[in-house]
Amino acid sequence: MAANPTSEITLTVNGAEHQLEIEDRRLLVHAIREDLDLTGTHIGCDTGNCGACTVLKDGEAIKSCLMFASQADGSEILTVEGMEDLPESGEDLHPIQAGFHEEHGLQCGFCTPGMIMASKALLDANANPDETEIRTAISGNLCRCTGYQNIVKAVEYAADEMAQTAAADGGTVVETDGGEPR
Ligand code: FES
Ligand code: FES
């Protein structure tokens, strides 16, 4: 029987470049988890429904079970493991990760990496989202535990933290209707 066709691809994942000889049918999520051993990206359904496999590809949140690894050739991937190394993380957790911790935005944690990556894409595009915008951004990510309320609070916490940091660095703090900085 003929071997399955393969391709040589390059993926830059969390800032590190990887050359991979990979079967053309291999899904990106399997390349991330099994070839690169980055198991923070989860698989819940393998059919695009749950969002547990969400990563950023060239800055856009995608479900990595819906793409062949070969389709991501040449792209930059960010997974949850790379969050702590981003400039906004300083020496600690990324503000989104801190938000999930502080606001109890997780219970079993299975959905959390995907939620964090979907939230990262949102806050990159919209630094001050309202509740509806947050709920829309995570609407492709299922959580069977939390009821979502504390996930929304976690994203709001992260937005507040990043606004405060930006203000301290010389930016401006966005005011809410109540006049409180957020
Ligand atoms: Fe990809 Fe569920 S594992 S959407
Ligand atoms: Fe359990 Fe979301 S915390 S699935």
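Structure: above.
Residues numbered from 1 in each chain as written. Chains lettered and ligands numbered in written order. Predicted model: local features only at pLDDT ≥ 70, side-chain atom pairs only at ≥ 80, totals over all residues. Heavy atoms only, no water.

## Thoughts on the overall build of the chain
- Looking only at helices and strands, the chain features five helices and five strands.
- Going from N to C terminus, the chain has its helices and strands arranged as β-β-α-β-β-β-α-α-α-α.
- The C-alpha atoms of the chain give a radius of gyration of 17 Å, which matches the 16 Å a tight globule of 182 residues would have.
- By residue count, 42% of the 182 residues in the chain fall in the buried class.
- For the chain, the proportion of contacts with a sequence separation of at least 24, taken over those separated by at least 6, is 50%.
- Surface accessibility of the chain: about 9400 Å² in total, with carbon and sulfur atoms responsible for 46%.
- Across the chain, 10 positive and 32 negative side-chain charges occur, with their mean positions spaced 9 Å apart. (Helix = DSSP H or I, 4+ residues; strand = E, 2+ residues; numbered from the N terminus. Rg over C-alpha atoms; globule rule 2.2 N^0.38 Å. Buried < 20%, exposed > 50% of the residue type's maximum accessible area, 1.4 Å probe, protein only. Contact = heavy atoms within 4.5 Å. Areas by Shrake-Rupley, 256 points an atom, 1.4 Å probe, with all protein chains shown as cover. Lys, Arg positive; Asp, Glu negative; His and termini not counted. Charge placed at Lys NZ, Arg CZ, Asp CG, Glu CD.)

## Quick notes on the pattern of salt bridges
- One pass over the full model with this rule turns up seven salt bridges.
- The partner of Glu-23 in a salt bridge is Arg-25, and the shortest N-O contact between them spans 2.7 Å.
- Salt-bridge contacts for Asp-35 lead to Arg-26; the nearest nitrogen and oxygen are separated by 2.8 Å. (Salt bridge = Lys/Arg side-chain N within 4 Å of Asp/Glu carboxyl O.)

## A few points about the pairing of strand E2 (residues 16–23)
- Note: strand E1 (residues 6–13) against E2, eight bridges, orientation antiparallel. When the sheet's bridge partners are listed, Ile-9 is paired in E2 with Leu-20.
- Hairpin remark: E1 followed by E2, antiparallel, with two residues in the connecting loop; positive phi at Asn-14, about 50 degrees. (Pairing = 2+ DSSP bridges.)

## Some remarks on helix H1 (residues 28–35)
- Turning to H1, its buried residues are Leu-28, Val-29, His-30, Ala-31 and Ile-32.
- Residues of H1 that are buried make contact with E1, E2, strand E3 (54–57), strand E4 (60–63) and strand E5 (76–78).
- Within two residues after H1, Asp-37 carries a phi angle of roughly 60 degrees, on the positive side.

## Regarding the side chain of His-30
- Tracing the backbone through its elements, the reader meets His-30 in helix H1.
- We classify His-30 as buried; its relative accessible area is 17%.
- With residues up to four places along the chain from it excluded, the contact list for His-30 reads Asp-35, Ile-43 and Asp-46.

## Some words on the nonpolar core
- One finds Met-83, Ile-96, Phe-100, Met-115, Ile-116 and Met-117 to be the most contacted residues of the largest nonpolar core, which totals 24 residues.
- Put simply, the parts of the chain that give this core at least two residues each are helix H2 (95–102), helix H3 (112–125) and helix H5 (149–168).
- Here the element with the most residues in this core is H3; it accounts for seven residues.
- The next biggest cluster of nonpolar side chains, apart from the first, holds 16 residues, and it includes Val-13, Ile-22, Leu-36 and Ala-72. (Core = buried A, V, L, I, M, F, W, Y, C linked by side-chain atoms within 4.5 Å.)

## Here's the deal with the pairing of E4
- The pairing of E3 with E4 spans four bridges and is antiparallel. In the strand pairing of E4, Leu-56 is matched with Ala-61.
- Between E3 and E4, which follow one another and run antiparallel, lie two residues, and Asp-58 among them has a positive phi close to 50 degrees.

## As for the layout of surface pockets
- Counted as a void, the largest pocket has a volume near 210 Å³.
- In this structure, the largest pocket is lined by Glu-88, Ser-89, Asp-92, Leu-93, Pro-95, Ala-98, Tyr-157, Glu-161, Met-162 and Thr-165.
- Listing elements by their share of the lining of the largest pocket, those giving two or more residues are H2 and H5.
- Top element by residues in the lining of the largest pocket is H5. It accounts for four residues.
- Split into classes, the residues belonging to the lining of the largest pocket amount to five nonpolar, two polar and three charged. (1 Å grid on protein atoms, 1.4 Å probe; cavity = no way out; pocket = protein on both sides within 12 Å on 5 of 7 lines; lining within 4 Å. Points joined across faces, edges and corners; volume = space filled by probe spheres on them. Nonpolar A, V, L, I, M, F, W, Y, C, P; charged D, E, K, R; others polar.)

Fair warning: the whole summary comes from geometry, so function is off the table for now.
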